[in-house]
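Residue-level structure breakdown
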Amino acid sequence: QVQLVESGGGLVQAGGSLRLSCAASGSIFSFAAMGWHRQAPGKQRELVASISNDGHINYADSVAGRFTISSDNAKNTVYLQMNGLKPEDTAVYYCAAKSIEYLTYNYWGQGTQVTVSS
């Protein structure tokens, strides 16, 4: 069973930055993709950014140009650098992993709260 542990959330003013980390208990290279999702109160969970094991990266339109996803295979860690934060970025951010044989993300972290004040 793979465990994903997020860290780095917190309270920040609008325009500020945060870096989230997701440490995996196993090799992240074995997964087809790693992704950061978020869920705000009363809203559906959305995929914010993803990185595949061959390095392909995708961003949601709402964060493109402000957020950067990266991975360190040696440390089995995925990062989400968030710059230019806006109040609408406030949400619980979840790290997730998608196994090669799965069509959807099948491992999830516990989430970390990001709150952006105006």
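Applying the stated rule across the entire model yields 3 salt bridges. For E46, the salt bridge identified is with R38, shortest N-O distance 2.6 Å. Here R66 ties to D89 by a salt bridge, and the two come within 2.7 Å at their closest N and O atoms. In this pair, R66 is assigned in the loop between β6 (57-59) and β7 (67-72) and D89 in the loop between β8 (77-82) and β9 (91-98), connecting sequence segments 23 residues apart. Like D89, R66 is buried. Connected through shared salt-bridge partners, R38, E46, R66 and D89 make up one network.

Attention shifts here to the environment of R38. Checked against the element boundaries, R38 lands in strand β4 (residues 33-39). With 78 residues separating them in the primary sequence, R38 and V116 have C-alpha atoms 14 Å apart. Ignoring sequence-local partners within four residues, the contact set of R38 consists of Q44, R45, E46, V48, S62, V63, F67, E88, D89, A91, V92 and Y93. A distance of 2.6 Å separates a polar atom in the side chain of R38 from a polar atom in the side chain of E46. Side chain to side chain, R38 and D89 meet in a polar contact 2.9 Å long.

Thresholds, definitions, all that
- Each chain has its residues counted from 1, running along the sequence as written.
- In keeping with the model being predicted, local features are shown solely for residues with a pLDDT of at least 70 and side-chain atom pairs are shown and tallied solely at 80 or more, while totals for entire chains, interfaces and linings include all residues.
- To obtain the side-chain values, all non-hydrogen atoms of the structure were used and water was disregarded.
- Salt-bridge detection follows one rule: a side-chain nitrogen of Lys or Arg within 4 Å of a carboxyl oxygen of Asp or Glu.
- In this text, helices come from DSSP runs of H or I with a minimum length of four residues, and strands from runs of E with a minimum of two, each type numbered from the N-terminal end.
- Throughout, exposure labels follow a simple rule: accessible area from a 1.4 Å probe, protein chains only, divided by the maximum for the residue type, with under 20% read as buried, over 50% as exposed, and the rest as partly exposed.
- It only takes one pair of heavy atoms within 4.5 Å for two residues to be counted as in contact.
- Identification of polar contacts relies on pairs of N or O atoms within 3.5 Å, with a donor-acceptor requirement for protein atoms, meaning one able to donate a hydrogen and the other able to accept it, and with residues adjacent in sequence counted only if both atoms are side-chain atoms.

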